Amino acid sequence: MKNKSILYSSLLLLFGTMTACTKLDENSYDQIPADKFYTSRIEVQSAVLRPYTHANAWVTPSGQDGWWRPAELSADQLAWPTKGPHGEDSGKWKRLHYHTWTVDEEGLNNAWKLMYGGIGYCNDPIANISSREISAMGITQEEKDAFLAELKLLRAFHYLKLMDLFGNIPIVTEPAEPGNPIYPVTTNRKEVFAFVEKEILENIAKVPVLSRAMLGRMSQAGAYAMLVELYLNAEVWTGTARWDDCIAAADKLINNQAGGQNGAMALDPNITDQFKNSNDLSKEVIFSIAYDFTRAKFEPAWASEFYHFAQRDIYGGGRNGNDGVVLIPGPYSTYEDEDRRRAEWLLIGPQLKFSDGVTPVQGTVEYERQPLVFVDNIRKNKSGSTVSNMSEGEENSGVRFNKYKLGNQIPGVVNGQSVLPDPNYNNNDWNIYRLTWIYFAKAEALMRKNGGAATGDAVALINECKKRAYSAAVWADKAYTPATLTMDELLAERGREFIFEGFRRDDLIRFGKFTTASWWDHQPSQATRSLFPIPQQQKDLNPKLDQNDGYN
């Protein structure tokens, strides 16, 4: 965890300096004057790292309305149904699920603000570092160039994700001046795509390759992963397919030409290393939001999104949640019995207390003082109802998230064996890109170039990833062949492999299913729902913004 500590120690300097400034006299300040900062390498580094902690709020399931919620809760695997008296939240989750969102959605407006706020955290240090002499900042010219390139790449990542959700968006590359607000015009999606691509290509060689020192930061590896995502979705985002470019960018990572956070980049040998609370030791993680609870008290925020009100009893930790996001009926059954991902990544059935491994965990609402049993349905089972929709849940409804495991704070019993408190408790990094996703992207590009039919190379790429989910005894019967790896099967396998990781909406759009397919109680929607509306609050603030088609 050494590199995580360096990362967050730099940030603590920034926050600590800000706190100290408020005590110099009777005036209060909420920011450091630019001419009083950037006077040492550690101050420069602190400003460079600030956008990463902000990214935690919008790119991960953070308990806030950022990119992740609309990216996943509008698709065909996850939902936040009303469960008894909880989760109605003015119908916001239902509108995401049924594709009935409006231009006035506060959640979409919050996502817009968070993401553009992150761009501001990039634009400000870009301007300040660019305008200063290296001697005044205590850095070398090489460091200055690398810091600026890193910030521009991270800014490009923000624009990539904004373009993903909203399509046609304004591009701002200069910090705003107090009293002189900027009213940028809308840029069409094709031009935003070109801007993002240009920023990546111009800066990728100026940043370091991925290493332990770049853990949680934008490196050459992260930049190539962005190119893979850009080119994988190019046909949807611009109207022009870029499959060869997608394959070329993927090969940079697959062939270990952009470094690795733990030696040579490679697929992890099992399906848990990428998600456990020591996943900073994973070989396949390319870019992540890094957390260090042990030293910096900076913890992953997804517990509130996924955990039940009594979850701490289940895993022996200190965090419960809002009993929110669950699997809709259906996706769980697509995992075979022998598939380790089903047992490792998903939580279902009777829940036992971690402390002894025997005592049932009790519910807190409908099942208060009764055993808590998570079920693969969303309906009011206690009253015998068979009605199943977004309004009919109970506290135990739905298969639960278990892909990332925080670890335990107390001694307990696992599979009949006593275990001690986990020293890495609550330290999981959240993966933005991992090498498995790159393998899948290359395989899809190969298949699309081949008219949708699997090539031998595509089959080999997917099997290399999938085989980790099965024992050697059964693998021969589970491996794909060119005949069985159809495009529909590739989409299904992507769903099984990347569940919870934020890519499902894009997958459905790319495969032509997002607005045309039905799932559970969701029916096909209008084609224009492939883009979210420009939030009305933003249009009210900036009359130069154009609304997306299909929205008033």
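Calculation notes
Residues numbered from 1 in each chain as written. Predicted model: local features only at pLDDT ≥ 70, side-chain atom pairs only at ≥ 80, totals over all residues. Heavy atoms only, no water. Phe/Tyr/Trp six-rings, centres within 6.5 Å; stacked < 30°, edge-to-face > 60°. Helix = DSSP H or I, 4+ residues; strand = E, 2+ residues; numbered from the N terminus. Buried < 20%, exposed > 50% of the residue type's maximum accessible area, 1.4 Å probe, protein only. Lys NZ or Arg CZ within 6 Å of the ring centre and 35° of its normal. Axes fitted to C-alpha atoms, helices over the stretch in contact; angles between N-to-C directions. Parallel < 35°, antiparallel > 145°, perpendicular 65-115°, else oblique. Left-handed = near helix turned anticlockwise from the far one by under 90°. Contact = heavy atoms within 4.5 Å. Nonpolar A, V, L, I, M, F, W, Y, C, P; charged D, E, K, R; others polar.

S.K.: Mind showing me how you'd approach the packing of aromatic side chains here?
M.R.: Any aromatic ring pair is given by two values, namely how distant the centres are and how the planes are angled relative to each other. For the coordinates displayed, the defined rule picks out 29 aromatic pairs. Centre to centre, the rings of Trp437 and Phe503 are 4.9 Å apart; their planes meet at 25°, and the pair counts as stacked. Linking Trp437 in helix 16 (residues 435-449) with Phe503 in the loop between helix 19 (487-497) and helix 20 (504-510), this pair joins segments that are 66 residues apart in sequence. Each member of the pair, Trp437 as well as Phe503, is classed as buried. Among the aromatic residues, those joined into a cluster by ring pairs are Trp68, Phe275, Trp302, Phe306, Tyr307, Tyr315, Trp345, Phe401, Tyr404, Trp430 and Phe500. One cation-aromatic arrangement involves Arg50 over Tyr121; the distance from NZ or CZ to the ring centre is 4.3 Å. For the cation-ring pair, Lys297 lies above Phe293, with the distance from its terminal atom to the ring centre recorded as 4.8 Å.

S.K.: How should I be thinking about the packing of helix 7 (residues 141-166) against helix 9 (residues 220-232) in this particular structure?
M.R.: Axis angle and axis distance: for two packed helices, these are the angle between their axes and the distance between the axes, and together they describe the pair. Following both chains from N to C, one finds helix 7 and helix 9 inclined at 20°, their axes separated by 11 Å at the closest point. As far as their axial angle goes, helix 9 and helix 7 are roughly parallel. Crossing geometry of helix 7 relative to helix 9 is assigned as left-handed. Where helix 7 approaches helix 9, its residues Leu153, Ala156, Phe157, Leu160, Lys161 and Met163 are matched on the opposing element by Ala223, Met226, Glu229 and Leu230. Its residues placed into classes, the contact of helix 7 with helix 9 shows eight nonpolar, no polar and two charged.

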